[in-house]
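Observations on the three-dimensional arrangement
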Amino acid sequence: MSKDMRRDFTDRADLIRYVGEQFPEAAARDGRVSPIRGGRRAAEVQLNRLETHRYATTRNFLNGSVSRLSPYIRYGVLNLAQVRDWVLARATPHQCEKFVNELGWRDYWQRLYLKLGQGIWEDREPYKTGYSPQHYQDTLPEDIQSGTTGLVCMDVFSQELKIQGYLHNHARMWLAAYLVHWRHLRWQTGAKWFLEHLIDGDPASNNLSWQWVASTFGAKPYFFNRENLERYTAGLYCRRCPLYGHCAFEGSYDDLAHNLFPRNESPTAQPGRKPKAKRR
Amino acid sequence: MIRPILWVHGDCLDPQGPHFKNHPQAPALWVWDERLLAEWQLSLKRLVFIYECLVELPVVIRRGGVVAEVLTFATEHQADGIVTTASPSPLFRQYVKVLEQSLPVTILSVEPFVDYDGHIDLARFSRYWRVAQAYAFKGDLNDSK
Ligand SMILES: Cc1cc2nc3c(=O)[nH]c(=O)nc-3n(C[C@H](O)[C@H](O)[C@H](O)COP(=O)(O)OP(=O)(O)OC[C@H]3O[C@@H](n4cnc5c(N)ncnc54)[C@H](O)[C@@H]3O)c2cc1C
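Keep in mind the model is a prediction, meaning the values are calculated, not measured.

Definitions and limits used
Residues numbered from 1 in each chain as written. Chains lettered and ligands numbered in written order. Predicted model: local features only at pLDDT ≥ 70, side-chain atom pairs only at ≥ 80, totals over all residues. Heavy atoms only, no water. Helix = DSSP H or I, 4+ residues; strand = E, 2+ residues; numbered from the N terminus. Rg over C-alpha atoms; globule rule 2.2 N^0.38 Å. Buried < 20%, exposed > 50% of the residue type's maximum accessible area, 1.4 Å probe, protein only. Contact = heavy atoms within 4.5 Å. Areas by Shrake-Rupley, 256 points an atom, 1.4 Å probe, with all protein chains shown as cover. Lys, Arg positive; Asp, Glu negative; His and termini not counted. Charge placed at Lys NZ, Arg CZ, Asp CG, Glu CD. Expected span 1.5 Å × (residues − 1). Polar contact = N/O pair within 3.5 Å; in protein donor to acceptor, adjacent residues only side chain to side chain. Salt bridge = Lys/Arg side-chain N within 4 Å of Asp/Glu carboxyl O. Arc of directions from axis to C-beta. Pairing = 2+ DSSP bridges. Right-handed = clockwise from strand over helix to strand, strands pointing away.

**Concerning the overall build of chain A**
Helix and strand counts for chain A stand at 15 helices and two strands. Since a compact globule built from 280 residues should have a radius of gyration of about 19 Å, the 20 Å found for chain A is in line with a globular shape. The principal-axis extents of the C-alpha atoms in chain A amount to approximately 60 × 50 × 45 Å. The buried share of chain A, taken over its 280 residues, is 57%. The long-range fraction of contacts in chain A, counting pairs at least 24 apart against all pairs at least 6 apart in sequence, stands at 73%. Carbon together with sulfur atoms contributes 50% to the accessible area of chain A, which is approximately 12100 Å² in total. The distance from the centre of the 40 positive side-chain charges to the centre of the 30 negative ones in chain A is 4 Å.

**Quick look at helix α12 (residues 203-214) of chain A**
Residues and elements named next belong to chain A. With twelve residues, α12 should reach 16 Å at 1.5 Å per residue; the first-to-last C-alpha distance of 16 Å fits that figure. When you tally the buried positions in α12, you get eleven out of twelve residues, the bulk of the element. Taken together, the buried positions of α12 are occupied by Pro203, Ala204, Ser205, Asn206, Asn207, Leu208, Trp210, Gln211, Trp212, Val213 and Ala214. Put simply, aspartate 202 is the residue that caps the front of α12, since its side-chain oxygen is 3.0 Å from the backbone nitrogen of alanine 204. Immediately downstream of α12, the backbone of serine 215 shows phi near 90 degrees, a positive value.

**Considering the pattern of salt bridges**
Two side chains bearing opposite charge may form a pair once their charged atoms approach each other closely. Under the counting rule described, the total for this entry stands at 28 salt bridges over all chains. For the salt bridge of A:Arg186 with A:Asp138, the shortest nitrogen-to-oxygen distance reads 2.5 Å. Of this pair, A:Arg186 sits in the loop between α10 (169-182) and α11 (187-197) while A:Asp138 sits in the loop between α7 (93-116) and α8 (142-145), and the two are 48 residues apart along the sequence. One salt bridge in this structure joins A:Arg226 and A:Glu250, with 2.8 Å as the shortest N-O distance. Taken together, the positions of A:Arg226 in helix α13 (residues 226-232) and A:Glu250 in the loop between α13 and α14 (253-260) put the pair 24 residues apart, joining distant regions of the chain. Three or more residues are tied together by salt bridges with common partners; here these are A:Arg74, A:Arg106, A:Asp202 and B:Asp11.

**A look at the environment of A:Tyr131**
All names here are of chain A. Its place among the elements puts tyrosine 131 in the loop between α7 and α8. For the pair formed by tyrosine 131 and arginine 263, sequence separation is 132 residues and the distance between their alpha carbons is 7.3 Å. Those residues in contact with tyrosine 131, other than ones at most four positions away along the chain, are Tyr136, His184, Leu260, Pro262 and Arg263.

**Digging into α14(A)**
Residues and elements named next belong to chain A. If you check which residues of α14 are buried, you get Tyr253, Leu256, Ala257 and Leu260. What you see down the axis of α14 is that its buried residues fit within an arc of 100 degrees, all on one side. When the buried face of α14 is taken as reference, the exposed residues oriented beyond 90 degrees from it are Asp254, His258 and Asn259.

**Notes on the pairing of strand β5 (residues 105-108) of chain B**
All names here are of chain B. Note that strand β4 (residues 81-85) and β5 share four bridges and pair parallel. What sits directly across from threonine 84, in β5, is isoleucine 107. You can see the chain leave β4, run along helix α5 (residues 90-99) and come back into β5, and the turn it takes is right-handed.

Okay, here's the thing in structure tokens:
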């Protein structure tokens, strides 16, 4: 029998110290801790910040009014029905439509997980990129890990993933697309990296979203161009990027499709600029 | 079941979860799963977040193999069964199967987001949502438009 682990702590620092001592392998890999706090109380604080009425129009922007409830929902600290009931009690169903639809994505992935089990780690369908699965490499490139690609956006996302354990949905999509379509990384390797760090890391939501980006669960690969990233980040990264104007994401969607998926005779890749394509 | 123990896992860390609500007096256990820890290589920040959730729950926290720890805990409390909450994880189902060889296991469900038991086509989100939406809004969406 293992002995009981501690439950009483003087403060957060005390708890963090203890967890670090108890899980030295994790602490040795990366001793940093997210500012995102666990627990139902913290979840309720976050829920009370939700601006449902601004959600639909701003959610695609990095500084938009997203809920940041995913870590609590992931661990069932709050369940989807509770969150849904909370928003429906405070706004009209119509005002909540987009938000409840997003909650639906989680329910959908969970239902698929129940059906597929470990199958969420396998390509659900062939890639629609013109490449076979063997084309993609297994090792996460060092410059991605360390956030030293030179692309300010991707380097910031990599750092945020490791430090905060949270990335905005759009940043997850861009980073995943960059890794799979520009760096030819197997989506499984990227997915595992995300799961190590995301506080809301969930095998179903994560892996199936990676598959959607990669095109192994969906009709087309997801990709984006600089204009799209610049718009939804309000130029935050592009403005200070030395590669601005000649980065890997420059060009029209047709040009990029041609470069990224040259083996596709008739490019089927769907650009990511419009919410429909971008957001499934 | 008259004297169950609660097995709390990472898909329901709600202090008002159905297991706590239905069995407020039952001893509850969380196990840091050695197997998952090795497999997932979770970062310290994820472990801290989970730990912060746990300290708000009335649970004993241990570390080891899940099945062995749950059964030991059950013996310590002379339990006649195990109560837990549903999870889509295949490992969960595997653990339940083994636990059931020793004790009866009751799996409680949290309130569903989509309260519908019929068939839903999961091939694509759009097909799922076509059916699920009305249930997700409890029929309210169309009324308000
Ligand atoms: C490559 C990639 C990996 C992802 N990995 C995860 C993951 O490990 N865990 C995770 O919870 N989400 C994951 N997502 C989905 C989504 O990015 C996050 O749920 C969302 O960004 C969390 O922020 P939020 O709580 O502010 O979301 P909001 O926009 O406020 O949405 C509210 C809630 O709805 C659910 N939700 C919203 N969008 C999605 C979605 N596309 N898929 C599933 N649930 C959704 C979440 O529970 C979220 O908390 C991933 C997306 C991508 C593209």
